[in-house]
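# Survey of secondary and tertiary structure
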Amino acid sequence: MSQSKVWRYTESSWIYRFIGYDINLLNQPENRRRWIIKVALTILDILQPFATIYEVEVGTLSEGEDAFVISGSDENYQEKLVRYLKNVDDVTEINFLLTLHCYEVEKDQKPQEILFQPGGALYLFIELDETRRLKSSSDQSVNDPLWLSLNLDTDIYAPLIEKTNRSKKTAQINSPILKGFLERLEKRLPLEKIHMSGPWYLKEYLEGL
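Below is a short write-up of the structure. Given the structure is predicted, the values throughout are model-derived calculations rather than measurements.

### Some words on the packing of helix α3 (residues 29–46) against helix α4 (residues 77–85)
Put simply, α3 and α4 touch, their axes get as near as 10 Å, and they point 165 degrees apart. Classified by the interaxial angle, the pair formed by α3 and α4 is roughly antiparallel. Taken as a pair, α3 and α4 cross one another with a handedness that is right-handed. From α3, Arg33, Ile36, Ile37, Ala40, Leu41 and Leu44 reach across to α4, where they touch Tyr77, Gln78, Leu81, Val82 and Leu85. The residue inventory of the contact of α3 with α4, partitioned by class, reads 9 nonpolar, 1 polar and 1 charged.

### Some remarks on the sheet that holds strand β4 (residues 91–105)
The 7 strands lie next to each other as β3-β2-β4-β5-β6-β1-β7, forming an open sheet whose pairing is antiparallel. Taken across any chain shown, the strands that pair with only one partner, and hence form the sheet edges, are β3 (64–71) and β7 (191–197). Sheet twist, expressed as the mean angle between neighbouring strand axes with direction ignored, is 20 degrees. Alignment of strand β2 (residues 51–60) against β4, held across 9 bridges, turns out to be antiparallel. Within the sheet, the bridge partner assigned to Thr60 lies in β4 and is Val91.

### Topic: the environment of Phe50
Checked against the element boundaries, Phe50 lands in the loop between α3 and β2. According to the relative accessible area criterion, Phe50 is buried, its value standing at 0%. It is 34 Å that separates the C-alpha atoms of Phe50 and Ser136, two residues lying 86 residues apart in sequence. Setting aside chain neighbours within four positions, we find Phe50 in contact with Leu98, Thr99, Leu100, His101, Leu152, Tyr157, Ile177, Leu178, Phe181 and Arg184.

### Focus: the pattern of salt bridges
Counted under the stated rule, the structure contains 10 salt bridges. Here Arg17 and Glu192 are joined by a salt bridge, their closest N and O atoms 2.6 Å apart. On the criterion of sequence distance, the pair formed by Arg17 in strand β1 (residues 9–18) and Glu192 in strand β7 is long-range, its members being 175 residues apart. Taking relative accessible area as the criterion, Arg17 reaches 15% and is therefore assigned buried. Residue classification places Glu192 among the partly exposed residues on the basis of a relative accessible area of 34%. As a salt-bridge pair, Lys80 and Asp74 come within 2.8 Å of each other at their nearest N and O atoms. Using a relative accessible area of 30% as the deciding quantity, one classes Lys80 as partly exposed.

### Focus: helix α5 (residues 165–188)
Over its 24 residues, α5 runs 35 Å from end to end, which matches the ideal 34 Å to within 8%, given 1.5 Å per residue. Residue Gln172 marks the point of greatest curvature in α5, where the axis turns by about 30 degrees; the proline Pro176 follows within four residues. Three or more residues of α5 are buried, namely Arg166, Ser167, Thr170, Ala171, Asn174, Ser175, Ile177, Leu178, Gly180, Phe181, Leu182 and Leu185.

### A closer look at the pairing of β2
Burial of β2 is extensive: 7 of the 10 residues sit out of reach of the surface. As judged from the 5 bridges shared by β2 and β3, these two strands associate in the antiparallel manner. Across the sheet, Val56 pairs through a bridge with Ile70, a residue of β3. Where β2 folds back on β3, the antiparallel hairpin that results is connected by 3 residues.

Conventions used here
- Residues numbered from 1 in each chain as written.
- Predicted model: local features only at pLDDT ≥ 70, side-chain atom pairs only at ≥ 80, totals over all residues.
- Heavy atoms only, no water.
- Axes fitted to C-alpha atoms, helices over the stretch in contact; angles between N-to-C directions.
- Helix = DSSP H or I, 4+ residues; strand = E, 2+ residues; numbered from the N terminus.
- Parallel < 35°, antiparallel > 145°, perpendicular 65-115°, else oblique.
- Left-handed = near helix turned anticlockwise from the far one by under 90°.
- Contact = heavy atoms within 4.5 Å.
- Nonpolar A, V, L, I, M, F, W, Y, C, P; charged D, E, K, R; others polar.
- Pairing = 2+ DSSP bridges.
- Buried < 20%, exposed > 50% of the residue type's maximum accessible area, 1.4 Å probe, protein only.
- Salt bridge = Lys/Arg side-chain N within 4 Å of Asp/Glu carboxyl O.
- Expected span 1.5 Å × (residues − 1).
- Bend = angle between axes of the 7 residues up to and from the residue.

Here you go:
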């Protein structure tokens, strides 16, 4: 497979802030634990068919990055993740490393499944101060302590600039899968998109769907 004719490794990202929450309620450890678990389970529930979990990494204020790490190949990873989250009150980030489930059109024009392991990630950030309270700002729309980022490492969801037939047909299969995930994400979680970066042709193609 020639990347130059079908897709390339290139980065793109969608950044969201959470809206509609009460910062005082979430500064109570039990409420914040429940909120984090609800967000995490929602993310896991809406992933397919776009992606599955490759690995989950949890960072905490007290233990730093990788305080808890579990592989998506562990058949009980979701249960173990929830059990861990129920017992910590200083989670600062959860990194959902993703196996992207995509399709590539071969020279015979037949789609073939292709997995990117990992090919992207969802990063949930909970910014805490030294007292384990959410960092506050006079302008939460600019410096929100709760935010989410989707990062992808491939442009397989849009035709390349050259627009070869294989590239166009590959994008026609994959772009609705990504678009559907973004729609589920914005419908199921109280999010406001604040930024999107990546190849201009990817952004333009997705907006035109």
